[in-house]
Amino acid sequence: MTYVSASAPGKFVILGEHSVVYGKPAISVAMNMRFSIRVKRSDRYMVNNQPAAPYNMSPHMRYISDKIGTSPVSIYVDGRVPSGSGLGSSAALSNAYAAAISCLEGLPTDEESIARLAYEAEYAAQGRGSPMDTSASAHGHAIALNVPYDDEDFLWHIDNGERSWDISKIDVPEMHFVIGNTGIKAATGPLVEKVREYTESSRFASEIIEELGDVALDGMKAMKNNDLEELGALMTYDHRLLSILGVSCNELNHMVDAVLPYSYGAKLTGSGGGGCMVALTDRPDKVSKEIRAHGGTPYIVKTGVPGVTVKMREGDGRNRRRWRQKKKGAPTGKSKE
Ligand code: PMV
């Protein structure tokens with residue numbers, strides 16, 4: 001029996017969420033929480049040993065299965081990226097599933113092919129959005145979108161209607177980030193839609209989108225100069241702008257304010273409305289304590305992680321049991337204090 005296992009990381013955003021949807025610059029970093037998937041051919045769709053009709057699978061998986069035209073598979077999913085939390089869980093799922101099915105069907109599994117297919121799946125499921133999450137998860141490490149880059153750092157270019165994004169890899173200096181999860185789940189699509197409505201009806205809101213893009217460009221310069229004070233200040237400013245756009249919430253604002261005395265800067269990360277904030281800090285333990293004191297769950301994240309990985313194996317049930325046991329030791333998206 002042929003098994004394919006694939007995995008892809010979640011991400012957080014240093015600067016540029018929401019404005020990246022309008023083709024503005026952004027910086028995103030992959031982290032050590034991953035979505036892992038294992039598939040094998042089957043006479044019907046199964047997910048984690050339960051029969052699953054294609055119509056009640058995740059829309060991302062359904063899109064990918066339909067696009068590739070694969071025959072039914074049995075899927076074992078092990079998601080360690082909290083969903084609806086701004087950490088790119090659906091992008092990680094889409095990348096891992098796209099890589100697994102592409103490999104099973106003998107299609108290309110290079111980062112770019114997977115990033116493109118996963119973005120199509122995300123876009124089809126959400127009806128909107130940028131290729132930031134899917135590209136960050138496919139490439140791993142750290143990426144920037146629509147910033148000036150050297151030729152050797154260019155990864156790929158993605159167009160969608162009148163928007164387009166040049167995606168490049170970037171080096172990030174040694175930095176420590178702590179994520180704080182409010183535990184409030186918020187879907188990306190409605191928040192992106194809310195920003196679209198506001199931006200289309202208000203010149204003030206479209207100026208904020210421009211400003212968020214400029215802040216991300218300044219952030220790139222600060223990172224190149226290893227200027228963490230400046231980068232942190234830009235992150236905090238970015239949070240204030242996102243709050244004005246209406247995508248923050250009290251819980252996020254309280255957590256951001258609480259960690260600032262121990263951080264270079266902090267902001268919500270991802271689509272907001274709940275979900276997570278991220279702090280750039282030299283004092284991860286102190287920041288984690290503040291996050292807890294404000295009702296959140298802290299994760300001290302590791303960066304510099306690989307993007308999508310995929311492996312085909314011939315095996316039997318023993319391999320599968322080993323895989324599941326190995327996954328038990330992987331980071332779970334629970335507290336990393
Ligand atoms: O909340 P997440 O992890 O889905 O991140 C969304 C990031 C946005 O910029 C708000 C949307 C997008 O597609 O780029």
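Everything below is about the structure printed above this text.
Below you will find a few notes about this structure. (Residues numbered from 1 in each chain as written. Predicted model: local features only at pLDDT ≥ 70, side-chain atom pairs only at ≥ 80, totals over all residues. Heavy atoms only, no water.)

## Some thoughts on the overall build of the protein
Counting its secondary structure elements, the protein contains 10 helices and 13 strands. Principal axes of the C-alpha set define a box for the protein whose edges measure 55 × 45 × 35 Å. When burial is assessed residue by residue, the protein has 55% of its 337 residues classed as buried. Relative to all contacts within the protein whose residues are 6 or more apart in sequence, the contacts with residues 24 or more apart total 76%. Only carbon and sulfur atoms are counted for the fraction: they give 48% of the accessible area of the protein, which is about 14000 Å². Between the averaged position of the 39 positive side-chain charges in the protein and that of its 40 negative side-chain charges there is a distance of 12 Å. (Helix = DSSP H or I, 4+ residues; strand = E, 2+ residues; numbered from the N terminus. Buried < 20%, exposed > 50% of the residue type's maximum accessible area, 1.4 Å probe, protein only. Contact = heavy atoms within 4.5 Å. Areas by Shrake-Rupley, 256 points an atom, 1.4 Å probe, with all protein chains shown as cover. Lys, Arg positive; Asp, Glu negative; His and termini not counted. Charge placed at Lys NZ, Arg CZ, Asp CG, Glu CD.)

## A few points about the sheet that holds strand β12 (residues 297–301)
An order of β10-β11-β9-β12 is seen for the four strands of this open sheet, with the pairing classed as antiparallel. Across the chains shown, the open sheet's two edge strands, defined by having one partner strand only, are β10 (265–269) and β12. Averaged over all neighbouring strand pairs, the angle between strand axes comes to 25 degrees, with direction disregarded. Where strand β9 (residues 177–181) lies against β12, five bridges are found, and the strand directions are antiparallel. Residue pairing in the sheet places V178 in a bridge with I300 of β12. Sheet contacts for helix α7 (residues 228–245): β9, β10 and β11 (276–280); angle to β10, the most-contacted strand, approximately 40 degrees. Against the sheet, helix α8 (residues 250–259) contacts β9, β10 and β11, and its axis sits at roughly 15 degrees relative to β11. (Pairing = 2+ DSSP bridges. Axes fitted to C-alpha atoms, helices over the stretch in contact; angles between N-to-C directions.)

## What about the site of the ligand?
In the vicinity of the ligand, 16 residues are found, and the nearest of them are K11, H18, S130, T188 and S271. A distance of 2.8 Å separates an oxygen atom of the ligand from a polar atom in the side chain of K11. Between the ligand and G86, the relevant distance is 3.4 Å, taken from an oxygen atom to a main-chain nitrogen or oxygen of the residue. Protein chains bury 96% of the 390 Å² of accessible surface belonging to the ligand in isolation. Elements supplying a minimum of two residues to the shell around the ligand: α4 (132–139) and α5 (188–201). Considering only residue class, the shell around the ligand consists of five nonpolar, eight polar and three charged. (Near = heavy atom within 4 Å. Polar contact = N/O pair within 3.5 Å; in protein donor to acceptor, adjacent residues only side chain to side chain. Nonpolar A, V, L, I, M, F, W, Y, C, P; charged D, E, K, R; others polar.)

## Thoughts on the side chain of S7
Among the secondary structure elements, S7 is positioned in strand β1 (residues 2–15). What makes S7 buried here is its relative accessible area of 8%. Of note is the side chain of S7, whose polar atom sits 2.8 Å from the side chain of R34.

## With respect to the side chain of S202
Topologically, S202 is positioned in the loop between α5 and α6 (203–224). Of the polar contacts made by the side chain of S202, one reaches the backbone nitrogen of A205; its length is 2.9 Å.

## Side note on α8
When we look at burial in α8, the residues that qualify are L252, M255, V256, A258 and V259. Projected onto a plane normal to the axis of α8, the buried residues spread over an arc of 165 degrees and lie on a single side. Along its buried surface, α8 packs onto β9, α7, β10, β11 and α9 (284–293). (Arc of directions from axis to C-beta.)

## A closer look at helix α2 (residues 89–104)
Over its 16 residues, α2 runs 22 Å from end to end, which matches the ideal 22 Å to within 8%, given 1.5 Å per residue. With 16 of 16 residues buried, α2 is to be regarded as a mostly interior element. Following α2 by one or two positions, G106 adopts a phi angle in the positive range, close to 70 degrees. (Expected span 1.5 Å × (residues − 1).)

## A few points about the pattern of salt bridges
Taken as a whole, this structure holds 14 salt bridges when the rule is applied. For K24, the salt bridge is made with E210, and the minimal N-O distance between the two is 3.0 Å. Separated by 186 residues along the polypeptide, K24 in the loop between β1 and β2 (26–41) and E210 in helix α6 bring together distant segments of the chain. Residue classification places K24 among the buried positions, given a relative accessible area of 19%. In this structure, E162 engages R163 in a salt bridge whose closest nitrogen and oxygen atoms are separated by 3.8 Å. A relative accessible area of 73% places E162 in the exposed class. Assessed through its relative accessible area of 27%, R163 is described here as partly exposed. A single salt-bridge network, built from bridges that share partners, covers R128, E193, R196 and E200. (Salt bridge = Lys/Arg side-chain N within 4 Å of Asp/Glu carboxyl O.)

## Structural notes on the pairing of strand β6 (residues 142–145)
Where a strand is regular, its side chains alternate between the two sheet faces. Because side chains alternate across β6, one face comprises the buried residues A142 and A144, and the other comprises I143 and L145, equally buried. Across four bridges, the pairing between β2 and β6 is antiparallel. From the neighbouring strand, A26 faces β6, where its bridge partner is L145. Inspection of the sheet shows β6 paired to strand β8 (residues 163–169) by three bridges, in the antiparallel sense.

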